[in-house]
Amino acid sequence: MSTKPLLELRAVTKRFGAVQALTEVDFEVCSGEVMALVGDNGAGKSTLIKGIAGIYPFDGGEILFEDQAVTLDSPAASAALGIEVVYQDLALADNLDVVANMFLGREQTSMGALSELEMERRCIETLTSLSVSTLRSVRLPVASLSGGQRQAIAVAKAVMWNSKLVILDEPTAALGVAQTRQVLDLVRRLADKGLAVILISHNLHDIFEVSDRITVLRLGHGVGVMERRKVNQQEVVHAITAGKMQKVPGMAEEVQ
Amino acid sequence: MSAQAKEPENALLKSTRQQSVGDYIQGYLQRVRSGDIGSLPIIFGMIVIAVIFQTANENFLTPRNLVNLIVQMAAITTIGYGIVYVLLLGEIDLSVGFVSGTAAVSMTLALRGPLVNEMAVGIGIFFALAVTYFIWHLLLVKVHNPALDFHIPLVAVLGVFIPVLIGLGVYINSTVRPITLPDVILLVIAAGVVGVVFRKGITLRLLAAMIIFLIITVLVAAVLTGAAQPWYIAVPVALVAAAGIGLLHGTIITYFGLPSFVVTLAGLLAWQGVVLIFIGGAGTVILQDSTVLGVARAFLPAEVGWLVMLVFVAAFAANEFRQMQQRKSRGLAAKPIGILVLQTLLLGSLAAVAVWICNQDRGVPAIGVGLILMMIGLSFLATRTRFGRYVFAVGGNAEAARRAGISVQQIRVRVFMISSFMAGVGGIILAARLSSVDTNAGGGQILLNSIAAAVIGGTSLFGGSGKVSSAMLGAVIIAGVDNGMGLLGLSAGVKFIITALVLLAAVVVDALARRSQKQSGIR
Ligand SMILES: Nc1ncnc2c1ncn2[C@@H]1O[C@H](COP(=O)(O)OP(=O)(O)OP(=O)(O)O)[C@@H](O)[C@H]1O
Ligand SMILES: [Mg+2]
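Here the structure is a predicted model, which is why all the values come from computation and not from measurement.

Undergrad: Could you give an account of the overall build of chain A, naming the residues involved and the relevant values?
TA: Check the secondary structure of chain A and you find eight helices and twelve strands. For chain A, whose C-alpha radius of gyration is 19 Å, the value lies close to the compact-globule estimate of 18 Å for 256 residues. Taken along the three principal axes of its C-alpha coordinates, chain A extends 55 × 45 × 35 Å. When burial is assessed residue by residue, chain A has 57% of its 256 residues classed as buried. Taking as baseline every contact in chain A between residues at least 6 positions apart, the subset at least 24 positions apart corresponds to 65%.

What follows is the structure, encoded as structure tokens:
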């Protein structure tokens, strides 16, 4: 893990009318690490992510990407820097096959015709490099895949474009035990390959499994960054709820 | 981190192993058993229909009648091709019938000139303007060139006003006459002026826009003269009008976020009105231009028929072979050569039988070749280009398409343009077959038969799944049933009921196949 942050936000703010969604939040993520982003409902997690993705640009503050000041005012601007977002509802077209989904919006063509073979080859290459091994064929429609496989496709889609930062918004919320396992392994492998990963989740158990550091937001304020190895789940819950609760769902049993 | 489980054998890599002929056939049978039946039911349906009608009336399977069938199904097939695109989006276009009528009437009137009344001229001018403006907009608004974006309002103004000025100039300075050289020179100068304005960023798109602009200018000017026009003016006038109508529908649907059902229902009424106004008191207008009539009445000489067949089959084989080679060279699973040979032989013998039968009668109808060419072109557009991919994506999950940076609205508008344009082509084919247009042009069963053709052929009404070729297969069934019942002299009532049952049967088979696919996890 490198120590210099890939992306650094300094005192970013965002206001929606009367709602101050983010107040001078500092945030950073390094290449090769999984940075978890936690906080209660309405804490501002999605708002922070959307600011980085260029969907709702920040009102104030500084953004540094690879030590350069940048403006992220459109999804295209973020994509150009190598920032990819995996949305919670995945945004896959069920009727299209895996290859078509992976390349949606960025199809390779030669002389106006789709270069299907080239795309198929690259798709297999990417999936293999991510050790997605349960897929029978990349020509199956996405509708026929399991939840975990679909999640894997959505993640693979995000990492195929020389992306440097992959953001996952609650990737395991809808998954079963085995499929959660698959996706968490995949998240870990991304970081081990040297990408920076931001993981939003309400499941502390998952977060403690794969993350390196944890940023806690509360009511639009950053309340701290913790080294995963140095804290236990109770301390994180404490930070999230400002001490009002001792336990949240998904917490490991032994904490009780 | 818990230790990672030992990786199982990678199933994905297994899929890149080369298959043998046996594997391939086994895979195919497996897919059929699990409900991925493709066009099997429809082929079965064709056989059933052929057997029933042949037993009832021995004239059904005669060369003469089969050639007739091809000409009879041409219009609904063509309109059905466009409907497939609309259905792929999960939308519907109820206006195609009278849009086809409007196109046919516009063409016939332009061929005959002078236009029947001022109203027709007015509507014609309005459309030319609308089309010009929208095409410019469509082509230029997406150009990623700031210097160019600045000029877009200017472009719109030029694109709208120059054609009007030229057209009016021609109209006032002359009585009724066709386009002449000075008009064309004027147009080129106008295009030159536009070119100078844009010298900063001449792109391919811009060139295309300029050419379209020129063509439309010629058409407007030609129509404004009120003279009888040659077919090469009249046919484009009709097709541009049709595309413009689609643009109008698509824009209303996307801009106001309205359901296509309602907007095209309004279109159905409005274009029926336009047909009535255009025809005026004439009742029936006879079509006399031999080129246009030839669309439905030309037949290829026997040798040419064979030659065309050979070219098609050879092109099929060459294309499949190239595909196979390329897949192999990239280490992807490819179709075994044995299967390719088998498929080519099958296609070749089917085509040979068809050509042989046609040659027993008047020969292969030119429109039959036209139908196949349109099918190849539109299939290519649907399955091998970005645009087609986006049509499927929007039909499957519009939100995913939007997040992938696809302009969903633009795709919608273009699909409605395709649908109206194909309706225009179908209208011209129908007019050529009937050799006249009347106040009911585009009415009757045309709309429902075209939609039924696409659906019977297996295109889903819910978007995201279907094939251009399904329109042709479905049209064979619809036209075949219609033709057969005509031979038997059945009443219109019986015809309707039987057509309804055929449609129902097709949808039921599709639903059953879908259910079995769901159970076996294919979809
Ligand atoms: N588009 C918007 N317009 C107005 N207010 C908004 C908008 N988006 C978010 N907010 C407000 O900003 C605050 C932070 O919302 P945000 O969606 O970032 O929370 P979150 O941490 O992602 O919560 P959750 O865990 O429920 O997803 C909330 O008070 C919310 O009401
Ligand atoms: Mg959220």
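Back to the write-up after that little detour.
Undergrad: How would you summarise the site of ligand 1 if you had to cite specific residues and measurements?
TA: All names here are of chain A. Near ligand 1, the surroundings consist of 13 residues, among which N41, G42, K45, S46 and T47 are the closest. Contacts to ligand 1 include K45, whose side-chain N or O atom sits 2.6 Å from an oxygen atom. Looking at the shell around ligand 1, the elements that each hand over two or more residues are β2 (19–30) and α1 (45–53). Take the shell around ligand 1: its biggest share by element is three residues, from α1. A breakdown of the residues in the shell around ligand 1 according to their chemical character gives five nonpolar, six polar and two charged.

Undergrad: How would you summarise the domain arrangement of chain A if you had to cite specific residues and measurements?
TA: You'll often see interface size given as the accessible area lost when the parts meet. Residue and element names in this part refer to chain A. In terms of domain boundaries, chain A breaks down into domain 1 (5–82 + 164–242) and domain 2 (89–145). The interface of domain 1 with domain 2 comprises five residues on the first partner and four residues on the second. Between domain 1 and domain 2, roughly 370 Å² of surface is buried when both sides are summed, and carbon and sulfur atoms account for 53% of that area. Contact with domain 2 buries surface across domain 1, with L186, R189 and K193 losing the most and accounting together for 72% of the total. At the surface where domain 1 touches domain 2, the tally comes to zero salt bridges. The residue inventory of the side of domain 1 that touches domain 2, partitioned by class, reads two nonpolar, one polar and two charged.

Undergrad: Quick rundown of the sheet that holds strand β1 (residues 5–16) of chain A? Include the residues and the values.
TA: Residue and element names in this part refer to chain A. Strand order in this open sheet of four strands is β2-β1-β4-β5, and the pairing throughout is antiparallel. Among the strands making up the open sheet, the edge pair consists of β2 and β5 (68–69). With five bridges connecting them, β1 and strand β4 (residues 60–65) associate as antiparallel partners. Each bridged residue has a counterpart across the sheet, and for L9 the counterpart in β4 is I63.

Undergrad: Hey, could you go over the side chain of S260 of chain B for me, with residue numbers and the actual values?
TA: Residues and elements named next belong to chain B. Inspection of the secondary structure puts S260 in helix α12 (residues 260–279). A relative accessible area of 4% means that S260 is categorised as buried. At 2.6 Å, the side chain of S260 and the side chain of E91 are in polar contact. Discounting residues that sit within four places of it in the chain, S260 has contacts with E91, I92, I253, L265 and F416.

Undergrad: Describe the nonpolar core, naming the residues involved and giving the relevant values.
TA: Counting residues in hydrophobic clusters, the biggest one holds 102 residues, and the most contacted among them are Y81, Y85, V105, M107, I411, V415 and V437 of chain B. Per element, the largest residue contribution to this core is 14 residues, and it comes from helix α4 (residues 63–88) of chain B. Counting residues in hydrophobic clusters, the runner-up holds 43 residues, among them M102, L135, V138 and V166 of chain A.

Undergrad: Go over the pairing of strand β9 (residues 165–169) of chain A, please, and point to the residues and values.
TA: Consecutive side chains of a regular strand alternate in pointing toward one face of the sheet and then the other. Residue and element names in this part refer to chain A. For β9, a buried count of five out of five residues is recorded, marking the element as mostly surrounded by other parts of the structure. Here β9 shows a buried face lined by L165, I167 and D169 and a second buried face lined by V166 and L168. As paired strands, β9 and strand β10 (residues 196–200) are joined by five bridges and run parallel to one another. Bridge pairing in β10 places L165 opposite A196.

Undergrad: Report on the pattern of salt bridges, specifying residues and quantitative values.
TA: Counting across every chain of the model gives 27 salt bridges over all chains. For the salt bridge of K4 of chain A with D67 of chain A, the shortest nitrogen-to-oxygen distance reads 3.8 Å. You can see K4 of chain A sitting in the segment before β1 and its partner D67 of chain A sitting in the loop between β4 and β5, a full 63 residues away along the chain. Residue K4 of chain A is classed as exposed on the basis of its relative accessible area, which comes to 54%. Looking at D67 of chain A, the relative accessible area reads 45%, which means it is partly exposed. D212 of chain A is paired through a salt bridge with R188 of chain A; the nearest N and O atoms lie 3.4 Å apart. Note that D212 of chain A is positioned in the loop between α7 (204–210) and β11 (213–218) and R188 of chain A in helix α6 (residues 177–192), a separation of 24 residues in sequence. Judged by its relative accessible area of 12%, D212 of chain A is buried. Accessibility expressed as a relative area gives 10% for R188 of chain A, which makes it buried. Look at the salt bridges and you will find they share partners, linking D97, E116, E120 and R139 of chain A together with R327 and R389 of chain B into a network.

Rules used throughout
- Residues numbered from 1 in each chain as written.
- Chains lettered and ligands numbered in written order.
- Predicted model: local features only at pLDDT ≥ 70, side-chain atom pairs only at ≥ 80, totals over all residues.
- Heavy atoms only, no water.
- Helix = DSSP H or I, 4+ residues; strand = E, 2+ residues; numbered from the N terminus.
- Rg over C-alpha atoms; globule rule 2.2 N^0.38 Å.
- Buried < 20%, exposed > 50% of the residue type's maximum accessible area, 1.4 Å probe, protein only.
- Contact = heavy atoms within 4.5 Å.
- Near = heavy atom within 4 Å.
- Polar contact = N/O pair within 3.5 Å; in protein donor to acceptor, adjacent residues only side chain to side chain.
- Nonpolar A, V, L, I, M, F, W, Y, C, P; charged D, E, K, R; others polar.
- Domains from an automatic or database assignment.
- Buried area = accessible area lost by both parts, 1.4 Å probe.
- Salt bridge = Lys/Arg side-chain N within 4 Å of Asp/Glu carboxyl O.
- Pairing = 2+ DSSP bridges.
- Core = buried A, V, L, I, M, F, W, Y, C linked by side-chain atoms within 4.5 Å.

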